[in-house]
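Geometric and topological summary
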Amino acid sequence: MASTRFPATVALIAAAALALSGCASTPAGGSDAAASDREAVRAITTAEASAGGRAFEFETDDGEWQVHVATGDRAVEVRVSSDGATVQSSQDADALDDEDRTALDATTTTLADAVRIAAGEGGDAAVDEAQLEDEGGTSVWVIEREGGETVRVSGADGTIR
């Protein structure tokens, strides 16, 4: 009886190991686009919670996420670890310019949601940077992927533009 359980136990352990390996994280800009996109979203939400505002721009820099968060009339630059979980540093950047404030006020789609939407568009390249832009009076999240692909997401309703 023990001889029939051994192959089943080995198969179960192998399946569990494969499932868990899918949960491993990759650094910002790493080769696993889905994991990197999840880390970008985590970095955005971590930075927003830390600064107490709404993110309007981010990029990868030296293996970390650099997230710009609007807090009142100020912009705060928050550097977050590559896994998106830990704030490395935070500093008051400057006054939030009127264009960024107007564009941000006109959005209902958050930056984290825009990254999720862009990631859902498929492709093998990870999200590398994003910013909010005013395109003809309409707020649009411009999401850049590694390799230069750009996805535009409406700030008003989250549709791909």
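What comes next is a walk through the structure. Counting restarts for each chain: residues are numbered from 1 in the order of the written sequence. Thresholds applied to this predicted model are a pLDDT of at least 70 for local features of residues and 80 or more for the giving and counting of side-chain atom pairs; totals over whole chains, interfaces and linings are not thresholded and use all residues. Hydrogens and water are ignored here; the side-chain numbers use all heavy atoms of the structure.

1. Thoughts on the overall build of the protein
- The number of helices and strands found in the protein is four helices and seven strands.
- Only runs of H or I of at least four residues qualify as helices and only runs of E of at least two qualify as strands under DSSP, and these elements are numbered from the N terminus. Seen in sequence order, the protein has helices and strands lined up from the N terminus as α-α-β-β-β-β-α-α-β-β-β.
- Taken across its 161 residues, the protein has 39% of its residues classed as buried.
- In what follows, a contact means two residues having at least one pair of non-hydrogen atoms within 4.5 Å. Counting contacts in the protein only where the partners sit at least 6 residues apart, residues at least 24 apart contribute 43% of the total.
- Total accessible area computed for the protein in this model is approximately 8200 Å², and 51% of it derives from carbon and sulfur atoms. Buried, partly exposed and exposed residues are distinguished by accessible area as a fraction of the type maximum, computed with a 1.4 Å probe on protein chains only: under 20%, between the cut-offs, and over 50%, respectively. To be clear on the numbers: accessible area is Shrake-Rupley with a 1.4 Å probe, and residue cover counts the displayed protein chains and nothing else.

2. Thoughts on the environment of Glu-146
- Among the secondary structure elements, Glu-146 is positioned in the loop between strand S6 (138-145) and strand S7 (150-154).
- On a C-alpha basis, the gap between Glu-146 and Val-127 in space is 6.3 Å, while along the polypeptide they are 19 residues apart.

3. Some details on a negative patch on the surface
- Note that patches include only residues with greater than 30% relative accessible area and no salt bridge, and the join distances are 9 Å for like charges and 5 Å for nonpolar side chains (Val, Leu, Ile, Met, Phe, Trp, Tyr). Any carboxyl oxygen of Asp or Glu that lies within 4 Å of a side-chain nitrogen of Lys or Arg is treated as forming a salt bridge with it. As used throughout, the charge tally considers Lys and Arg to be positive and Asp and Glu to be negative, leaving His and the chain termini uncounted. Here the site of a charge means atom NZ of a Lys, CZ of an Arg, CG of an Asp or CD of a Glu. On the surface, a cluster of negative charge is made up of Asp-97, Asp-98, Glu-99 and Asp-134.
- Along the chain, the position of Asp-134 falls in strand S5 (residues 127-135).
- According to the relative accessible area criterion, Asp-134 is partly exposed, its value standing at 39%.

4. Quick word on helix H2 (residues 33-51)
- Helix span, as expected, comes to 1.5 Å for every residue beyond the first. An ideal rise of 1.5 Å per residue puts 27 Å on 19 residues; H2 measures up with 27 Å between its terminal C-alpha atoms.
- Every buried residue of H2 is accounted for by Ala-33, Ala-35, Ser-36, Asp-37, Glu-39, Ala-40, Val-41, Ala-43, Ile-44, Thr-46, Ala-47 and Glu-48.

5. Looking at the side chain of Arg-79
- Considering the arrangement of structural elements, one finds Arg-79 in strand S3 (residues 74-80).
- Arg-79 sits in the buried class, given a relative accessible area of 15%.
- A polar atom in the side chain of Arg-79 sits 3.0 Å from the side chain of Asp-61.
- Excluding residues within four positions of it along the chain, Arg-79 makes contact with Asp-61, Asp-62, Glu-64, Trp-65, Gln-66, Thr-86, Val-87, Gln-88 and Ser-89. Between N or O atoms, a polar contact is any pair within 3.5 Å; within protein, one atom must be a potential hydrogen donor and the other a potential acceptor, and residues adjacent in sequence are included only when both atoms are from side chains.

6. Focus: the nonpolar core
- The nonpolar core is taken to be a set of buried Ala, Val, Leu, Ile, Met, Phe, Trp, Tyr and Cys residues, with the residues joined through side-chain atoms within 4.5 Å. Residues Phe-58, Val-67, Leu-111, Val-115, Trp-141 and Ile-143 are the most contacted members of the largest nonpolar core, which totals 31 residues.
- Excluding anything up to four places from it in sequence, Val-67 contacts Ala-43, Ile-44, Ala-47, Ala-55, Glu-57, Phe-58, Val-76, Glu-77, Val-78 and Val-80.

7. Quick notes on the sheet that holds strand S2 (residues 64-71)
- Strand pairing requires that DSSP identify at least two bridges connecting the strands. Pairing is antiparallel in the open sheet, where seven strands are placed in the order S4-S3-S2-S1-S5-S6-S7. For this open sheet the edge positions go to strand S4 (87-95) and S7, each flanked by a neighbour on one side alone. Taken pair by pair, the neighbouring strands of this sheet meet at an average axis angle of 25 degrees, ignoring direction.
- Pairing geometry for S2 and S3, over seven bridges, is antiparallel. Of the residues in S3, the one forming a bridge with His-68 is Glu-77.
- Every axis in this analysis is a line fitted to C-alpha atoms, fitted for helices over the stretch in contact. Angles between the N-to-C directions lie between 0 and 180 degrees. With respect to the sheet, helix H4 (residues 111-119) is in contact with strand S1 (54-61), S5, S6 and S7, its orientation differing from that of S6 by roughly 55 degrees.

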